[in-house]
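Spelled out, the chains give:
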Amino acid sequence: MIRFARAADAAAIAAIYNQGIADRGATFETEPRTEADLLERLSNVERYPLMVAEDAAGRVLGWAGLSSYRPRECYAGIAEFSIYLDREARGRGVGRSLLSGLIEVAAQRGFWKLVSRVFPLNAASRALCRACGFREVGTYEKHARLDGEWLDVIIVELSLHTQTPQ
Ligand SMILES: CC(C)(COP(=O)(O)OP(=O)(O)OC[C@H]1O[C@@H](n2cnc3c(N)ncnc32)[C@H](O)[C@@H]1OP(=O)(O)O)[C@@H](O)C(=O)NCCC(=O)NCCS
């Protein structure tokens, strides 16, 4: 089931995010997140929704959320998205359901574009983005360092112009 995240999910969301950080395959972030960090993020879900996938027993399998792209008003309809699944939940369609749910909510909220950056070697993320209609725009070369190594990132975008209420 895909649903909006609530405060009680903060610890589970942080734990899943920290797996993704520890794996070193998805983000330049290296600092683990705390439950308090996630509670702060959950206080801004009116503007930037955060959703979770849960199994039949109510266990959180993954999360996907929006965040600010740029502070300038002209970009108010563009959001960055992130998605992280528990290691045990990957590769069986949960990511696709979760990201599809987030895209639907983003369009309903009036966002006209979602963007993100993906490491070239992150095959699962690139395939997920492709499956959900994202376009690979290009590559930022040696964009930042992860554990001292300069890494490229691929920019992805999804236009919601045809889905966004006018
Ligand atoms: C990236 C991630 C969210 C994808 O979610 P998922 O549930 O594993 O993916 P799904 O099972 O829904 O698969 C989505 C598509 O990707 C493909 N795919 C999944 N894993 C893949 C892999 N390892 N290699 C290649 N393709 C893969 C699937 O075949 C599917 O394509 P299709 O619908 O055309 O058949 C998940 O693997 C994850 O959390 N990874 C670690 C964190 C991360 O990389 N986050 C993204 C940061 S940019």
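Right above here is the structure, for reference.
Fair warning: this is a prediction, and the values are worked out from it, not measured in the lab. (Residues numbered from 1 in each chain as written. Predicted model: local features only at pLDDT ≥ 70, side-chain atom pairs only at ≥ 80, totals over all residues. Heavy atoms only, no water.)

Trainee: When you look at the overall build of the chain in this model, what are you seeing that I'm missing?
Mentor: Of regular secondary structure, the chain possesses four helices and seven strands. Helices and strands in the chain line up, N terminus first, as β-α-α-β-β-β-α-β-α-β-β. The buried share of the chain, taken over its 166 residues, is 42%. For the chain, the proportion of contacts with a sequence separation of at least 24, taken over those separated by at least 6, is 63%. By element, 49% of the accessible surface of the chain is carried by carbon and sulfur atoms, the whole surface being about 9,100 Å². (Helix = DSSP H or I, 4+ residues; strand = E, 2+ residues; numbered from the N terminus. Buried < 20%, exposed > 50% of the residue type's maximum accessible area, 1.4 Å probe, protein only. Contact = heavy atoms within 4.5 Å. Areas by Shrake-Rupley, 256 points an atom, 1.4 Å probe, with all protein chains shown as cover.)

Trainee: I tried to follow the sheet that holds strand 4 (residues 78-85) on my own but got confused; where do I start?
Mentor: The pairing of strands in a sheet comes from backbone hydrogen bonds and takes either a parallel or an antiparallel form. The strand order 1-2-3-4-5-7-6 describes an open sheet built from seven strands, whose pairing is mixed. Each edge of the open sheet carries a strand with a single partner, namely strand 1 (2-4) and strand 6 (135-146). Averaged over neighbouring strand pairs, the angle between their axes works out to 30° when direction is ignored. Bridge count between strand 1 and strand 2 (residues 50-54): three bridges; the pairing is antiparallel. (Pairing = 2+ DSSP bridges. Axes fitted to C-alpha atoms, helices over the stretch in contact; angles between N-to-C directions.)

Trainee: Whenever I open this one, the packing of aromatic side chains confuses me. Can you help?
Mentor: Two measures describe an aromatic ring pair: the distance that separates the ring centres and the angle between the ring planes. Taken as a whole and judged by the stated rule, the model has seven aromatic pairs. Aromatic pair Tyr-17 and Trp-63: ring centres 5.3 Å apart, planes at 75°, arrangement edge-to-face. Here Trp-63 lies in strand 3 (residues 60-68) and Tyr-17 lies in helix 1 (residues 10-23), a separation of 46 residues in the sequence. There is no split in this pair, since Tyr-17 and Trp-63 are both buried. Both rings, one in Tyr-69 and one in Tyr-75, keep their centres 5.5 Å apart while their planes meet at 85°; by these two values the pair is edge-to-face. Under the relative-accessibility criterion, Tyr-75 is labelled partly exposed at 27%. Grouping aromatic residues by their ring pairs yields a cluster made of Tyr-17, Trp-63 and Tyr-84. Sitting over the ring of Tyr-69, Arg-70 keeps its end group 4.6 Å from the ring centre. (Phe/Tyr/Trp six-rings, centres within 6.5 Å; stacked < 30°, edge-to-face > 60°. Lys NZ or Arg CZ within 6 Å of the ring centre and 35° of its normal.)

Trainee: Would you explain the site of the ligand in this entry?
Mentor: Near the ligand there are 19 residues, and of these Gly-91, Gly-93, Gly-95, Arg-96 and Asn-122 occur at the shortest range. The backbone of Leu-85 places a nitrogen or oxygen atom 2.8 Å from an oxygen atom of the ligand. In the model, an oxygen atom of the ligand is placed 3.2 Å from a nitrogen or oxygen of the Arg-92 main chain. Computed on the free molecule, the ligand has an accessible area of 930 Å², of which 71% lies beneath the protein chains in the complex. If you map the ligand onto the pockets, it falls in the largest pocket. The set of elements that each furnish at least two residues to the shell around the ligand consists of strand 4, helix 3 (94-108) and helix 4 (123-131). Top contributing element to the shell around the ligand by residue count: helix 4, with six residues. Here the shell around the ligand is composed, by residue class, of 10 nonpolar, five polar and four charged. (Near = heavy atom within 4 Å. Polar contact = N/O pair within 3.5 Å; in protein donor to acceptor, adjacent residues only side chain to side chain. 1 Å grid on protein atoms, 1.4 Å probe; cavity = no way out; pocket = protein on both sides within 12 Å on 5 of 7 lines; lining within 4 Å. Sits in = over half its atoms within 2 Å of the grid points. Nonpolar A, V, L, I, M, F, W, Y, C, P; charged D, E, K, R; others polar.)

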